[in-house]
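# Coordinates in review
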Amino acid sequence: MAALDVKGSLARLGSRKVSDIEHNRLVLGLRQLLASLESAVRESANDGQLPIVEDMLANLEATDEHFHSYDLVRTVRTKIDEKLGPLIESELERQVFEGDGHDVMPLITEQLLASPEYAELGENILEAVKSAADVLSQEYSGVSSPESAIASATSLTDSQPRHRGHPSYTYMFDDDSSDTSTLNQTGTGFMFLSANRFRSISSSLSSTQPSEVRLDALHTLGHYAPSDLLASEFWPDLKKVLKEALADSDDLLSGQSLRLHSKLFNASSGHIAKEIYTSLVDHLSGFFTEPSGLRLRSDGSLSTADDSMARVLTGMRLLNDLMHEIPNYWVRYANRFTEEIVSSTISFLSLALDDPHRVSPFLLLALIDPIALWFKKWMHPNYGRADIVECLKKEKNRLVVFGVRICMDFFLQSRQASSMKEEETDRMKTPEVDDPSAEYVYSSEDLNYAYFISSISWIGRLLIYANGRELFPVQLPDCRVTITDFLVASLKTVFTYNPGASRIGVGGSYDAAVLVRQMLKRMAYSRGECKEHFLTDEFIEALISPLHHRLSASDSVMGRDVCDETLVWIGDIMAVLASSQSGRKQLLYGEKNPRWTKTKFAPVHTLSQFAQRALDGSLSGTMPSEQVVSSFVFVCRQLYNTCEGLVILYPYELHMHVAVAWREAVSAVNSPPLSPLSPGSGSSSTDIFKWEDTLVDNLLNFAGTPKGLLLLQQTGTLNHCVEYMYQRYTKKLQVSKCEKFGYGFMVTMVASTAPGMVALYETGFLCLLVHDLWMVTEGSDFDDRLISARHDPMDPIHRAGHKALVNLLNVLSSFPALYEVIHEPPVSRNVLSSPRSLAHDVMATTTDTSSWPSTIFDLIDRLVLVDSNMQSLCQSEQSHLFGLRFLSVLTTCLDSFLLLESRYSIVDALLSLQQSDTTDDGIIIIDMCSVERNRILVATHLTGGPSERLLPSRDLEDGDHPYPWPMFSSLPVPTEYRPRSHLVPHRLSRPPQSNAMSQFLEATSSSERGPRWIQDCRDILCNSLKSQSLGLLEDALASVIEQVVEALVRIPDEVILPLDSQAGDAASEPLNAIQSLGVDVVIRYGQYLKVLEGSGDHTAALKQLLQQTGGFLKKRQRVVESPLYTMKGEYVGHDWFISTLFLLFWGNAERVWKFLLNMSQLLVSCYLWIPHLHSSVHLPANLATSGIHPSFSSTAHNIELLLQAEVPHVYSAFRLSGFTPAQMSQHWLHQCFWNYLDWPEICTFICVCIVMGVDYEVYFCVAVFRHLERSILEATQQQNLLLFLKETTLRNFKCAEHLDYMQSLEQKYRSIVMNDLRDISKP
């Protein structure tokens, strides 16, 4: 066992008794130790370096190389080994026998320290050492000077051998049995404080002794360590006489006692701190509990010139200092110490509160610490907060009741309080009571103000925490005050106080309005339920009442005198509330109105009108500053960047008002003198630039929703906003102070549309993303690669490039966006012909950023189609794999695949690469790239849902055949990729079924099919789907939608688009390359489903149908002059809706044509049939030429609206990942869920949307997201959401199983969704 030093032994073992250690041996050993330390102690004491000596003694074992040679140390170690050695050995044997023999020492040590043998040994050793120290102390008592004491000590040790070369030290010990031995403050040496000495000092401090004797005793006590004093059994007696000294009329004596208390408190022991603190509290309590205690003057004022008042203030200042220090050590205290300190403090502050003529501790503390910083420190750690609240409850809330009463009285008299002179506020500082010639007199108004400042500070701190709010409601004599009542009343002070600049000083502000604003702002910014108390109609109405008065041109004080600083504060509070879901609900609908209920009394209308008129400069009176305007526009921005908020804010057309203000700001910057946009017009150029950035930032946030993006595009500022976003994106800045994430979600939303992609391309955003991807694949230092190869992970998407790949895919996942950047066929690629040129190209590729790819053309050319560029890549396989993964995700969109195929012939290119990657025997080599190419070829050539095709895995398997999927280098795809067990719906494979739907259709004639018949048809369809009695036969579904459409066109209210009588005679339009390739895909899928059989030429029939509908749609399109390539001419993508109908009607083109003519008059055609509204004459000109289809601005907008309300976790996952539900839902809807659902489910989707209503398109997508919720959350956690949604089919999703959920959405949201979908005349 390690040797135990004297200091450590005394600290751990405590004061106990001994009988079996030789007394003389211990005395001699202690003499030897003192003599060896003589020189060091004498030198340090003479130089005044006493802390160095203390540190040396505390670490003697580490600093003295002869420590273990001292007889005293050997004696102590011998007794430890004799008494505890057998116990340790027996316990070690038992632990090893019972356990596994590992890590038993900590357990043995713990049991040893708790054993009675250890306690008994400690008593014996400590008593022996103390007895030896008493002997030495008696021998030294005859020495009167430090020099003689040292000489005597030296003479006592002459007979003891000295260690050669080691200095001799002599010292005495204080009587410290618990912590440490400390150098006495006078430099006279070290000594234990004996019991007799303790009694002598205590008697000298008695009040019966002369002042000189008591002062000498206090000075003597100051020479001892605090731990020595408080560890003595005589401390209670000493504490009593010290308190008497504190209360003595002699200022010198009381001051010395106060300084001693301060010194004792600085000890590191929790017990010592508690004793000193409670002693000081008890002393100060006497001044306030006596009948003739401190009183105010007859006029209610307070003077500090009185001696007793000065003495009390000095004690209160020390108490306040201790209160500031206590929380720093709470974690070291036991619970009972904390409880005693808190309890004594609360009881002390509750004294004399009921008598208005007496001075209370609370008042004096308010003068010393006006804003209650001590309480802030006490409430900050949770460790002591619970004790504070419990003590306040035990005191029957006296302190809380008093503070609330003071605040409520001040709120009611705020006008009177606001007339207080600035000098009164400046005097709210701690008086320098040490100057006896100075007299400070506080008037009754000053004292009331001090009461209020302190009360509002610590009550505001209480309200932040949940257990503090449990003290409310507070029962006052005349009323019951709730938290809401308190907050509403406090607003009166904010609005009626007009703070001057002189009230805000360097050290903080004592202005009432500023303090209340700070309190409310802290509550608003706090987490949890604190801000929920703001979400009441009463508080919100009181908060925005100045806006009401400004809007109504009222001359009331509330509206006229509210300064800009207060208005900015109101805007900040509202912005914080609007950043949470509960806060948005309160602002949009009010407290009592249910969600989705529009009411003109909701706070959002006041906020919107104020922001609108402030931007226009049409407010009455003095125009608010730009900072005020921007703060309220920011509040509205927190609302309109959500789908729900934009629905309510749209009528105010804030996008137009902000755009006009931005153009005025730009004009002011470019054409001096500055034209005034807001008050003052004396703004500096820096302010104008800041104002311009603020406006464009607010405009940019309209792009947070699909409909908002359309509104932004119509302002004509989309390119400027994207350029601003690009600057902030490159700096990795947050969107706003109230949002945690960056611009990823907004970038993806903008890139979902053709005009957004053009803006991203023109600002260099797309080039930046391409460079980022190239950097992680080929952009490393070329010299380093020549020395050592880079060891990249071999996963298909490694972590180093995952983010760059996903960022690029986010902006290219939409077909219109991709079409804008690769609309033209690529130019022929240069072929490298010589090793010299090849080496030069490699060097340029890796070291010269100007040679890096900057467009999607270049990226595909270098990373995907690498037949001529493979050798120019330093990491050829890894880079090519990146390109293939990039291509794999892009081709999940059928239109994007057809676009790439028409431009690059990617299928032939991939087949050629597979052919070149073979052995001499013609077997394709299995590696990462060939496996990925194989998967892309299968996915692009075969069409079908989860049970209609088998996509090969990217992973190898264990066994003899690690890759069981067949490789191929020519078409067709092997049959192994089609499931053999899949039963395709075939007209002849099933006998005709008689069910409720077929009977219903046959039982009615066309003339009987009105609104009632349509409703009955919907009910039967739902019941048939839920019971699965419909059979999901194409004939049944085709008949249903045909007859429903025929019935709807006969109802005038259902027809929204007129049909020209000559519509059927339109000339045919030739098909573009994408549409022609799409025909081949459709025919292959139809043949697999066996719905295209017979001798007819189905390819020619489908082409003729597409040409015929193309001519029909051209007659209904505007002639558009637009820089967008997607708007030049007919719809550029393939018509997947017509293709679905063609298969649904078994290849009967005439039947499909007739059906389309009827359906083109209905609302459902505007959203299911995507090309129908392309540049349509039925749309407003600005909407038709925007390049944003109503299916995005309306359908996708409503999908996000419902998703945020119904499946908030999924919506949050999208926001976190930077991907958008709008983009994914457009992907599904534009290709009618091809490759994501099986054919029967696709037919059901079309039928449900036509029969039940076009709003079921929205409910269907929400149901899909809800079905995928768990998988979406997991993919988000893995940062893989986009890849998961794009490449994963909707397995196990059955429309019938989710129909009840869709119907529930219909009941809740149909009025909102249908109103938006029907109103195609505006965004």
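The paragraphs below set out a description of the structure included in this document.

This next bit is on empty space enclosed by the protein. The gaps of empty space that remain are located by a probe, the size of a water molecule, rolled over the atoms. Evaluated as defined, the whole model comprises 17 cavities of 30 Å³ or more. Approximately 450 Å³ is the volume attributed to the largest cavity. Lining the largest cavity are 30 residues, with P816, Y1131, G1187, H1189 and H1230 sitting closest to its centre. Looking at the lining of the largest cavity, the element that brings in the most residues is helix α63 (residues 1221-1230), giving four residues. Along the lines of polarity and charge, the residues of the lining of the largest cavity split into 15 nonpolar, 14 polar and one charged.

Attention shifts here to the nonpolar core. The biggest cluster of nonpolar side chains holds 376 residues, and the ones touching the most others in it are F486, L808, L812 and F1233. Aside from chain neighbours lying at most four places away, what touches F486 is V404, C407, M408, F411, I456, I459, L463, V481 and M519. Core analysis: the second largest hydrophobic core is formed by 17 residues, L26, V27, L33 and Y70 among them.

Attention now moves to the pattern of salt bridges. Within the structure shown, the criterion is met by 22 salt bridges. A salt bridge links K521 to D572; its shortest N-O distance comes to 3.4 Å. Of this pair, K521 sits in helix α27 (residues 512-525) while D572 sits in helix α31 (residues 564-578), and the two are 51 residues apart along the sequence. For K521, a relative accessible area of 30% corresponds to the partly exposed category. What makes D572 buried here is its relative accessible area of 13%. The shortest N-O distance in the salt bridge between E932 and R885 comes to 3.8 Å. Taken together, the residues span a long stretch of sequence, with E932 in helix α51 (residues 928-941) and R885 in helix α48 (residues 876-890) at a distance of 47 residues. For the pair shown, E932 and R885 are each scored as buried. Here the residues in one salt-bridge network are R885, E932, R954 and E1287, joined through shared partners.

At a minimum axis separation of 9 Å, helix α26 (residues 483-496) and α31 run at an interaxial angle of 145°. Together, L491, V494 and F495 of α26 and T566, W569 and I570 of α31 make up the contact between the two elements. Counted by class, the contact of α26 with α31 contains five nonpolar, one polar and no charged residues.

Parameters and conventions
Residues numbered from 1 in each chain as written. Predicted model: local features only at pLDDT ≥ 70, side-chain atom pairs only at ≥ 80, totals over all residues. Heavy atoms only, no water. 1 Å grid on protein atoms, 1.4 Å probe; cavity = no way out; pocket = protein on both sides within 12 Å on 5 of 7 lines; lining within 4 Å. Points joined across faces, edges and corners; volume = space filled by probe spheres on them. Helix = DSSP H or I, 4+ residues; strand = E, 2+ residues; numbered from the N terminus. Nonpolar A, V, L, I, M, F, W, Y, C, P; charged D, E, K, R; others polar. Core = buried A, V, L, I, M, F, W, Y, C linked by side-chain atoms within 4.5 Å. Buried < 20%, exposed > 50% of the residue type's maximum accessible area, 1.4 Å probe, protein only. Contact = heavy atoms within 4.5 Å. Salt bridge = Lys/Arg side-chain N within 4 Å of Asp/Glu carboxyl O. Axes fitted to C-alpha atoms, helices over the stretch in contact; angles between N-to-C directions.

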